[in-house]
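Working through the structure, step by step
The chain contents come next:
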Amino acid sequence: MKFNNTTSWIWRGILNVKSELRKIVDFNMGNGRKTSFWDDPWLQGLSLLEKFPRVKMKDSDIPWNTLVANLLRHGRWVLPDPSDEDMAAAWNYIKQNCSVSDRDDEVKWKVVKNNNFSINQTWKEYREKYPEVSWHKIVWNKGYMPRFSFILWLILRDRVKTKDKLKKWGVTEDDICVLCPDGVEFVNHYFFNYEFATCIWRSVLKACHCSIEIRSWRSVISWFSRRAAGKNNMAEVRRLALSAIVYYIWTARNKKVFAKETQTAEMVMRKIKTILTDKISTMKPDQRLISIIHDLHIIQLVCLVVLAVCQKCRVLVTGLSLKRKPKGFSEHMQGHVHESKQTKILPRMSVFGRKYFQPVAVNGVNNAFDRCYMDC
């Protein structure tokens with residue numbers, strides 16, 4: 001079906017995607033009473049004008065709104081005499097290959113699941129398919145942060161504009177690393193081959209229980225693809241740690257280039273610490289997650305952690321500041337609880353019918369944490 005200058009933009013858009021809709025719609029002609037002779041795809045998924053583009057409707061003596069059933073008499077085709085060879089070929093093809101039945105015409109979805117239309121199957125039908133990479137689960141997975149994962153994805157695809165590329169393109173005159181004047185700036189050098197990045201990788205990877213020496217992207221992707229692609233909390237924290245390292249190192253480089261600001265490894269570590277602390281504070285307490293915090297020197301033993309189980313209300317309380325004293329809570333322990341004003345209690349999810357609270361350091365304690373940095 002064609003459109004003219006008076007056709008609305010909505011109808012134009014529908015007609016433009018008509019051919020694309022055939023990927024997800026199946027047209028089955030039955031008795032032909034609802035099938036357009038000229039426009040519907042009743043000839044092996046194509047309309048008559050698509051199957052025979054040289055046939056002219058105005059020379060056929062068949063109006064544009066004619067239905068297929070109107071050209072049948074007792075199951076036999078009644079077509080006008082052809083005006084040229086192209087029309088004769090079209091009529092012969094119809095008589096030899098097309099027939100009708102007693103059932104009604106129907107249009108059905110091809111993209112179905114459990115006999116219902118499926119958005120997921122539709123997306124799979126239209127999306128462009130590429131070979132699957134081994135690292136996709138450590139970039140796009142549960143709990144990812146879009147800005148972190150996007151920069152990590154660009155680097156893994158080798159799409160970031162480092163100075164070695166900019167020099168080849170004639171954008172800059174030199175390819176010297178802005179943070180390491182002794183080397184050429186390319187991805188592997190910038191993230192692994194100088195002290196600024198080495199300190200950050202060594203600290204965070206040690207905290208993530210990575211015992212191997214990582215010196216290139218290949219070793220990074222290999223280890224994280226094996227140890228951080230799962231659905232557990234530890235894998236989620238490892239993925240976040242990887243993307244945060246890459247994001248903040250690249251951000252430090254950009255600030256040096258565009259804003260003339262120099263960031264130290266300690267400043268970057270502080271930002272990574274904040275991200276990981278916020279993520280871990282939302283998770284169920286786990287010994288390995290606690291060890292990450294300790295290894296990063298995010299948590300120090302600056303206060304007493306009290307665990308008290310109130311048998312009456314079955315509440316597991318963790319922290320240093322309680323709004324109410326559980327029954328049976330000793331005065332000695334209560335005194336320790338109220339010693340610190342630096343920690344507040346945030347409610348978390350229930351575990352096995354017991355609610356628990358997570359201590360979150362604020363103000364002075366956070367400042368003390370900021371002075372803690374792992375020796376590189």
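Reference entry: report on the structure contained in this document. (Residues numbered from 1 in each chain as written. Predicted model: local features only at pLDDT ≥ 70, side-chain atom pairs only at ≥ 80, totals over all residues. Heavy atoms only, no water.)

1. Focus on a negative patch on the surface
Together, Asp59, Asp61, Asp81, Asp84 and Glu85 make up a negatively charged patch on the protein surface. When you line up the elements, Glu85 lands in helix 4 (residues 85-97). The exposure class assigned to Glu85 is exposed, which follows from its relative accessible area of 71%. (Patch = residues over 30% accessible without salt bridge, like charges linked within 9 Å, V, L, I, M, F, W, Y side chains within 5 Å. Areas by Shrake-Rupley, 256 points an atom, 1.4 Å probe, with all protein chains shown as cover. Salt bridge = Lys/Arg side-chain N within 4 Å of Asp/Glu carboxyl O. Lys, Arg positive; Asp, Glu negative; His and termini not counted. Charge placed at Lys NZ, Arg CZ, Asp CG, Glu CD. Helix = DSSP H or I, 4+ residues; strand = E, 2+ residues; numbered from the N terminus. Buried < 20%, exposed > 50% of the residue type's maximum accessible area, 1.4 Å probe, protein only.)

2. Here's the deal with the pattern of salt bridges
For the structure shown, the criterion picks out eight salt bridges. The shortest N-O distance in the salt bridge between Asp158 and Lys165 comes to 3.0 Å. Exposure remark for Asp158: the relative accessible area of 42% places this residue in the partly exposed category. With a closest N to O distance of 2.9 Å, Arg253 and Glu185 form a salt bridge. Of this pair, Arg253 sits in helix 12 (residues 233-258) while Glu185 sits in the loop between helix 8 (163-168) and helix 9 (187-192), and the two are 68 residues apart along the sequence.

3. Thoughts on empty space enclosed by the protein
Inspection of every chain in the model, using the stated rule, returns two cavities of 30 Å³ or more. Approximately 70 Å³ is the volume found for the second largest cavity. Lining the second largest cavity are 14 residues, and of these Tyr144, Ser149, Arg239, Leu240 and Ser243 lie nearest its centre. Among the elements of the structure, helix 6 (136-139) and helix 12 are those that each provide at least two residues to the lining of the second largest cavity. (1 Å grid on protein atoms, 1.4 Å probe; cavity = no way out; pocket = protein on both sides within 12 Å on 5 of 7 lines; lining within 4 Å. Points joined across faces, edges and corners; volume = space filled by probe spheres on them.)

4. Details of the nonpolar core
Phe191, Ile200, Trp201 and Trp217 are the most contacted members of the largest nonpolar core, which totals 57 residues. Residue assignment for this core shows that the elements contributing at least two residues are helix 6, helix 7 (146-156), helix 9, helix 10 (195-207), helix 11 (217-227), helix 12, helix 13 (265-280) and helix 14 (287-295). With 13 residues, the top contributor of residues to this core is helix 12. Residues Phe27, Met29, Leu43 and Trp91 belong to the second largest nonpolar core, which totals 21 residues. (Core = buried A, V, L, I, M, F, W, Y, C linked by side-chain atoms within 4.5 Å.)

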